[in-house]
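Geometric and topological summary
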Amino acid sequence: MTERYSVAAERHHRVAVRLEADGEIDDAAYHYGLVGENALKYGLLKSGVVPAWDAGGIKRTNTPMGKHFPKLTPIIRDFIADIRLFASGCIGAQIQSVVDDPAFFGRFQGWSIDIRYADDQCTPVDPADCARWAQDADLFLRRLVLMV
């Protein structure tokens, strides 16, 4: 399978915006989290970090590429030295600035992939959380995919 993280990030963003406008907060929130995940993974791949892991024999499932929020953020912390070492080019500068921002570790706080199952621990989603995750998703999409 060839992952197309940038396409996925943009698609999930379009869906999330429509769902939120229709009052479907739980579903919009789920898609906003996927925007963040896909944007991060796109940045890691395109910056050269993932190819460096691949060349080093590190399984993707043991890297941020194999994780979802909430497990994605702490594993980024574990791999931050690699990101700083291997990320290059314009997207490399962007991914480094995103993960080096002290606010990074608070992004998507409280979001869980388990929203997709309507888990009682995750839903209903508070509209304020959805709005916060929408801002996080917009930031990651702009910085890591659209490069603006």
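Everything below is about the structure printed above this text.
This section reports on the structure supplied with the text. (Residues numbered from 1 in each chain as written. Predicted model: local features only at pLDDT ≥ 70, side-chain atom pairs only at ≥ 80, totals over all residues. Heavy atoms only, no water.)

1. Here's the deal with the nonpolar core
The condition is simple: Definition of nonpolar core: a set of buried residues of the types Ala, Val, Leu, Ile, Met, Phe, Trp, Tyr and Cys, connected through side-chain atoms within 4.5 Å. We call a residue buried when its accessible area falls under 20% of the maximum for its residue type, exposed when it is over 50%, and partly exposed in between, using a 1.4 Å probe and counting protein chains only. Only DSSP runs of H or I reaching four residues or more are called helices, and only runs of E reaching two or more are called strands; each is numbered from the N terminus. In what follows, residue pairs with any heavy atoms lying within 4.5 Å of each other are defined as contacts.
Of all hydrophobic cores here, the largest spans 46 residues; its most connected members are Tyr 32, Leu 40, Leu 44, Ile 83, Trp 111, Trp 133 and Phe 140. Contributing elements (two or more residues each) for this core: helix H1 (5-21), helix H2 (25-46), helix H3 (49-55), helix H4 (72-78), helix H5 (80-86), helix H6 (89-100) and helix H7 (127-146). Of all the elements, H2 adds the most residues to this core, at 11 residues. If sequence neighbours within four positions are ignored, Leu 44 has contacts with Val 49, Val 50, Trp 53, Pro 64, Met 65, Ile 76, Ile 83 and Ile 95.

2. Observations concerning a positive patch on the surface
Put simply, the test is: In this analysis, a patch consists of residues with relative accessible area above 30% that form no salt bridge, clustered at 9 Å for like charges and at 5 Å for the nonpolar side chains Val, Leu, Ile, Met, Phe, Trp and Tyr. With residues, only the protein chains shown are counted as cover, and all accessible areas are computed by Shrake-Rupley using a 1.4 Å probe. Salt bridges are defined by distance alone: a side-chain nitrogen of Lys or Arg within 4 Å of a carboxyl oxygen of Asp or Glu. This count recognises Lys and Arg as positive and Asp and Glu as negative, with His and chain-terminal groups excluded. A charge is said to be at NZ when it belongs to Lys, at CZ for Arg, at CG for Asp and at CD for Glu.
On the surface, Arg 4, Arg 11, Arg 14 and Arg 18 cluster together into a positively charged patch. Along the polypeptide, Arg 11 turns up in helix H1.

3. A short note on the packing of H6 against H7
Cut-off, in case you're wondering: Axis lines are fitted through C-alpha atoms, for helices just across the contact stretch, and the angle between N-to-C directions can take any value from 0 to 180 degrees. Reported orientations rely on four angle classes, namely roughly parallel under 35 degrees, roughly antiparallel over 145, roughly perpendicular from 65 to 115, and oblique for the rest. Nonpolar residues are Ala, Val, Leu, Ile, Met, Phe, Trp, Tyr, Cys and Pro. Charged residues are Asp, Glu, Lys and Arg, and all others, Gly as well, are polar.
Contact pair H6 / H7: the axes reach a minimum separation of 9 Å and the direction vectors enclose 155°. Overall, the two elements H6 and H7 adopt an arrangement that is roughly antiparallel. Every residue of H7 that contacts H6 at Ile 91, Gln 94, Ile 95, Ser 97 and Val 98 is listed here: Phe 140, Arg 143 and Leu 144. The residue inventory of the contact of H6 with H7, partitioned by class, reads 5 nonpolar, 2 polar and 1 charged.

4. A few points about the pattern of salt bridges
All chains considered together, the criterion is met by 5 salt bridges. Across the pair Asp 101 and Arg 107 runs a salt bridge whose closest N-O atoms are separated by 3.9 Å. A relative accessible area of 29% means that Asp 101 is categorised as partly exposed. According to the relative accessible area criterion, Arg 107 is partly exposed, its value standing at 21%. Put simply, Arg 107 and Asp 136 hold a salt bridge, and the shortest N to O gap is 3.4 Å. Note that Arg 107 is positioned in the loop between H6 and H7 and Asp 136 in helix H7, a separation of 29 residues in sequence. One salt-bridge network, in which partners are shared between bridges, spans Asp 101, Arg 107 and Asp 136.

Purely geometric stuff here, so don't read any function into it on its own.
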